[in-house]
Structure formats: C-alpha cells, structure tokens
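Listed below, chain by chain, are the residues.
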Amino acid sequence: MTPLIEARDLVRIYQIRRGLFGRPTPVRAVDGVSLQVMPGETLGIVGESGSGKSTLGRMLLGIDDPQEGSIRFQGQPMPARHTAQWRALRARMQLVFQDPLAALDRRVTIGNQIGEPLEIHRLIPREHQGARVTELIRAVGLRPDQADRYPHELSGGQRQRVVIARALASRPKLIVCDEPVSALDVSIQAQVINMMRDLQESNGIAMVFISHDLKVVRNIADRVAVMYLGRVVEEASSDAIFRAPQHPYTKALVSSVPVPGKPLQGRVILQGEPPNPASRPSGCAFHPRCPLARDICRFTVPELLDIGEGRTAACHVVAGETTPVAA
Ligand code: SF4
C-alpha cells in the first residue's frame, strides 16, 4: 500500500542569534528524519520540548520547507508552496494545535468559522453548507444551537472541539495535531482524545499526533516515533514502545508514565540538562544523560537501524554494536 505521506531525510536548520550583535549560529531543529504514515493510521511523535517535533509537523504539512530531504503525499512530491496544487492539497491536510483561542477568530461565530473551509475551498454548494456545519457541530459533541456563539462564550474543551470540527470540514486525509489537548484539564483531555479517536476511525483519517505527554499518545497512536534533538531515536508500534521500550531515552520516558491501578515502579530519572538544540553534544546527542553511555557514544552518531519486529532504534548498545557492560 502507498503511504499517505512519506518523508525522507528531512533537515530543517534555523539561524539563531545570541544577543543583539551575536553571530547567527545554525541550529538543526530537524536532522535527517524519515517516516511514513499509512492511510487511516495514527503516528504519535513524542519527545521533550526542543526535540524538533513541531517543526517536523509543520514540514509534513508543507507550512515550512525542509532545506534537505523530500516529502511525498499519496506517492506524489509535495507541490511548491502557494501554488494552486499546494492550496488544493492543504485542504486535504489540516493542523490542530495547542491553543484553540489563538486558532479562532473572536469576532466570528463558531458556526461561520466551521463553515469557512467549505466556502474557501468551494467544497459543497452554498445551499448545503448550513446542514454540513450542523453535522460537524454534532460530530464533535456540541449542540447545533451553539453555532451562534462566539469563541469566548465556550470552554477550552469546547473551543478545541470547534477547531477539530473546522479541520474536519474539508474531509481531510491527514490531520497533524500539535499538543492538541495539553492546554485542557485532564478530565476534558480524555473526552477530547476519545472523540478524536472515534472521528478518526469513522472518517478513515490519518493523524500525526505530536505530544510531550506519553499517556495521551498511548491512548491514540498506532505507532510511535520518539525524537531527541531533531532525530528519531526509536520507532515502533505503540504497544511495543509502551510494553518493551529499547532505547535508553524511550525507557526513561515510558518509565514516567503511570499505569492506572499500579504504583509507579522502576522510574528512570534522567540526569543532566534537557536537550538544547543550540548546543548538540557530539556523537550520540543523548550521551550526557544516558545511563548506558560508553566511549563510542561520545564520538560516533548511532544510525537508526532495524532491530527486528518492525522496530527501529538509534543506539550503539541496543543495536549490538558494542557489548553492554554490566552496571
Ligand atoms: Fe546511550 Fe550510547 Fe545508546 Fe546513546 S548510543 S542512547 S549514549 S547507549
């Protein structure tokens, strides 16, 4: 089957200036990432702040251009930005991000905002748009009479439902969700995640679900890619990642996720500073914080290798390139 979206060796570099007169320093926010998402599949992308996951999401949507690498959508190269083909494709790929209030226009009723994509992309005849807006409002668990409300009259969870309804209006093939529930209360998070999962299944939409919160990702992703300082360090099915993580960084992340009804056991506390993309350590970027680090890790970047059972990992020890030393 052809992947819905396929990225190869994506690189995105930003120039960061330290201080007003400092010289610009190149920062590789995304550094050679390859991945694919199949139709109807949900790929979770996890990692701490600064891991490059949001930049990756923007490149997958064609909002940011990679400096190196390529993206194909349904087997075809991503068209150049702002062309007619790109605009047509963008209707098929939607973004839902963290702050629904920033995504919505405070002066426009939610009904009109949900209907906007139908109008802009001329997706259905005008006389049918009202019925489609009502259908979308119901689909995300709101009441049709709320169509006349303004964003500030709704709760945070309801606003995010409006953003999701608007994303669904153009019947997208792919939705990139960037921390879509992290601004919501925990009880509301679960409701919105369940709703997203139901909508995704019933509409056959593929999702890229970006989050620093592994509990949320576990509830929605079919596969998970773990990112650290711009690179994927492990990728596997969601079940494999949470049942038996292999990369030391994935192990640390997974060990901090509570399992309902069980005490948190064997938590791995990461040492050292969180990742700073502006000062990437040599070799394996994780080595200053890694409990298994050895000499090779300081000098040689581990490749992302197939380690069996549909799983890849970038670690000298996991891939068996060095013999683990008993602690
Ligand atoms: Fe740790 Fe070395 Fe593996 Fe990096 S390559 S994760 S430092 S053991």
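See above for the structure.
Looking now at the sheet that holds strand E2 (residues 24-37). The strand order across the open sheet built from four strands is E2-E1-E4-E5, with neighbouring strands paired in antiparallel fashion. Each end of this open sheet is capped by a strand with a single partner; those strands are E2 and strand E5 (76-77). Where strand E1 (residues 5-17) and strand E4 (residues 68-73) come together, five bridges link them in antiparallel fashion. When the sheet's bridge partners are listed, Ala7 is paired in E4 with Ile71. Its contacts with the sheet place helix H1 (residues 53-60) against E1, E2 and E4, and it is angled at close to 125 degrees to E1.

As enumerated under the stated definition, the model contains three aromatic pairs in all. Between Tyr228 and Tyr249 the ring centres are 4.6 Å apart and the planes differ by 65 degrees, which places this aromatic pair in the edge-to-face class. Here the residue Tyr228 occupies a position in strand E9 (residues 223-228), and Tyr249 occupies one in helix H10 (residues 248-255), the gap between them amounting to 21 residues. Just as Tyr228 is buried, Tyr249 falls in that class too.

Here strand E11 (residues 305-308) pairs with strand E12 (residues 311-313) via three bridges, running antiparallel. The partner of Asp306 across the bridge, within E12, is Thr312. The turn joining E11 and E12, which pair antiparallel and follow one another in sequence, is formed by two residues; a positive phi near 55 degrees is taken by Glu309.

Right, let's talk about the pattern of salt bridges for a bit. Counted by the stated rule, this structure contains 16 salt bridges. Residue Asp31 is joined to Arg231 by a salt bridge in which the shortest nitrogen-to-oxygen separation is 2.5 Å. Taken together, the positions of Asp31 in strand E2 and Arg231 in strand E10 (residues 231-237) put the pair 200 residues apart, joining distant regions of the chain. Given a relative accessible area of 24%, Arg231 falls into the partly exposed group. When the shortest N-O distance is used, the salt bridge between Asp213 and Lys215 registers 3.3 Å. The exposure class of Asp213 is buried, given its relative accessible area of 15%. Where salt bridges share partners, they join Arg28, Asp31 and Arg231 into one cluster.

What follows concerns the nonpolar core. Across soluble globular proteins, nonpolar side chains show a tendency to be buried alongside one another. Counting 56 residues, the largest nonpolar core has Ile164 and Met196 as its most contacted members. Tallying contributions element by element places helix H6 (residues 156-169) first for this core, with seven residues. Setting aside anything within four residues of it in sequence, one finds Ile164 in contact with Val96, Val140, Val192, Met195, Met196 and Leu199. Judged by nonpolar contacts, the second largest core, of 28 residues, contains Val37, Leu61, Leu89 and Ala206.

Rules behind the numbers
- Residues numbered from 1 in each chain as written.
- Predicted model: local features only at pLDDT ≥ 70, side-chain atom pairs only at ≥ 80, totals over all residues.
- Heavy atoms only, no water.
- Pairing = 2+ DSSP bridges.
- Helix = DSSP H or I, 4+ residues; strand = E, 2+ residues; numbered from the N terminus.
- Contact = heavy atoms within 4.5 Å.
- Axes fitted to C-alpha atoms, helices over the stretch in contact; angles between N-to-C directions.
- Phe/Tyr/Trp six-rings, centres within 6.5 Å; stacked < 30°, edge-to-face > 60°.
- Buried < 20%, exposed > 50% of the residue type's maximum accessible area, 1.4 Å probe, protein only.
- Salt bridge = Lys/Arg side-chain N within 4 Å of Asp/Glu carboxyl O.
- Core = buried A, V, L, I, M, F, W, Y, C linked by side-chain atoms within 4.5 Å.

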